[in-house]
Amino acid sequence: MATKNEIETLRMELKKLESITNEQWLAGLNPRKRAELDFHNKDRDRKRVAEIGKDDFEKYYGNKKYYTTVERSTGYTVDWIRKHAAGKIFLDYACGNGQYAIKAAQAGAALAIGIDISDESIRNARADAAALGLQN
């Protein structure tokens, strides 16, 4: 189980990371990472996705229909989180919209952390967590 000291230390380190300005963070990214960031921000912009036409949606998101092939893996992961996250520190690196960090928080994790290159994804994860009454 995570100790209060471990959790508080991690929270302090996360606060330090949050103090880095967006400009500082972007300046440290090489062109490949910047392209990755731009791709994921565009891909996870919920407003854009909702407004996109059917043909463009199929062009950019048509591959999502194949994601059903990973349903068993996703189910296994969610079940594992439900069984093992309570009282622990849970880190979801490359968290996307934070689905697993949110599941860990719901399962009683002492601290659930989601990290992603996409600030759009982090905004989505925070909004989803807040909508569920989970602490930021």
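Residues numbered from 1 in each chain as written. Predicted model: local features only at pLDDT ≥ 70, side-chain atom pairs only at ≥ 80, totals over all residues. Heavy atoms only, no water.

## A few points about the pattern of salt bridges
Logical step 1: Enumeration over the complete set of coordinates arrives at eleven salt bridges.
Logical step 2: For Asp38, the salt bridge is made with Arg34, and the minimal N-O distance between the two is 3.7 Å. Of this pair, Asp38 and Arg34 both sit in helix 3 (residues 31-43), four residues apart, which is roughly one turn of that helix.
Logical step 3: Relative accessible area serves as the criterion here: at 35%, Arg34 is assigned to the partly exposed category.
Logical step 4: The partner of Asp116 in a salt bridge is Arg44, with the nearest N and O atoms 3.9 Å apart. Here Arg44 lies in the loop between helix 3 and helix 4 (46-51) and Asp116 lies in the loop between strand 2 (111-115) and helix 8 (119-131), a separation of 72 residues in the sequence.
Logical step 5: Asp116 gets classed as buried once you look at its relative accessible area, which sits at 16%. (Salt bridge = Lys/Arg side-chain N within 4 Å of Asp/Glu carboxyl O. Helix = DSSP H or I, 4+ residues; strand = E, 2+ residues; numbered from the N terminus. Buried < 20%, exposed > 50% of the residue type's maximum accessible area, 1.4 Å probe, protein only.)

## Considering the confidence of the model for the protein
Logical step 1: Of all residues in the protein, 92% attain a pLDDT of 70 or more, and the chain-wide mean is 90.
Logical step 2: Per-element confidence in the protein ranges from a low mean pLDDT of 69 for helix 5 (residues 54-61) to a high of 98 for helix 7 (residues 99-106). (pLDDT = per-residue confidence, 0-100.)

## Overview of the nonpolar core
Logical step 1: One finds Ile81, Ala85, Phe90, Ala104 and Ala109 forming the largest nonpolar core, which totals five residues.
Logical step 2: Not counting chain neighbours up to four residues away, the residues in contact with Phe90 comprise Trp80, Ile81, Tyr100, Ala101, Ala104, Ala109, Leu111, Ala112 and Ile113. (Core = buried A, V, L, I, M, F, W, Y, C linked by side-chain atoms within 4.5 Å. Contact = heavy atoms within 4.5 Å.)

## So, the pairing of strand 1 (residues 89-93)
Logical step 1: The alternating pattern of strand 1 places Phe90 and Asp92 on a buried face, while none of Ile89, Leu91 and Tyr93, on the opposite face, is buried.
Logical step 2: Sheet topology places strand 1 next to strand 2; five bridges connect them, and they run parallel. The residue of strand 2 that forms the bridge with Asp92 is Gly114.
Logical step 3: Handedness of the crossover joining strand 1 and strand 2 through helix 7: right-handed. (Pairing = 2+ DSSP bridges. Right-handed = clockwise from strand over helix to strand, strands pointing away.)

## Observations concerning the packing of helix 6 (residues 71-84) against helix 7
Logical step 1: Contact geometry of helix 6 with helix 7 gives a least axis separation of 9 Å together with a crossing angle of 30 degrees. When you trace helix 6 past helix 7, the crossing you get is right-handed. Where helix 6 approaches helix 7, its residues Thr74, Thr77, Val78 and Ile81 are matched on the opposing element by Gln99, Tyr100, Lys103 and Ala104.
Logical step 2: Taken together, the residues of the contact of helix 6 with helix 7 break down into four nonpolar, three polar and one charged. (Axes fitted to C-alpha atoms, helices over the stretch in contact; angles between N-to-C directions. Left-handed = near helix turned anticlockwise from the far one by under 90°. Nonpolar A, V, L, I, M, F, W, Y, C, P; charged D, E, K, R; others polar.)

## Remarks on the environment of Glu8
Logical step 1: On the secondary structure map, Glu8 appears in helix 1 (residues 4-18).
Logical step 2: Accessibility expressed as a relative area gives 42% for Glu8, which makes it partly exposed.
Logical step 3: Remark: the alpha-carbon pair of Glu8 and Val49, spanning 41 residues in sequence, is separated by 37 Å.

## Quick word on the side chain of Ser118
Logical step 1: Following the sequence through the fold, Ser118 ends up in the loop between strand 2 and helix 8.
Logical step 2: Classification of Ser118 by relative accessible area gives buried; the value is 0%.
Logical step 3: Polar contacts involving the side chain of Ser118 include one to the side chain of Asn41, which spans 2.6 Å.
Logical step 4: Separated by 3.0 Å, the side chain of Ser118 and the backbone nitrogen of Ser121 make a polar contact.
Logical step 5: If near-sequence neighbours (up to four positions away) are discounted, Ser118 is found in contact with Leu37, His40, Asn41 and Arg44. (Polar contact = N/O pair within 3.5 Å; in protein donor to acceptor, adjacent residues only side chain to side chain.)

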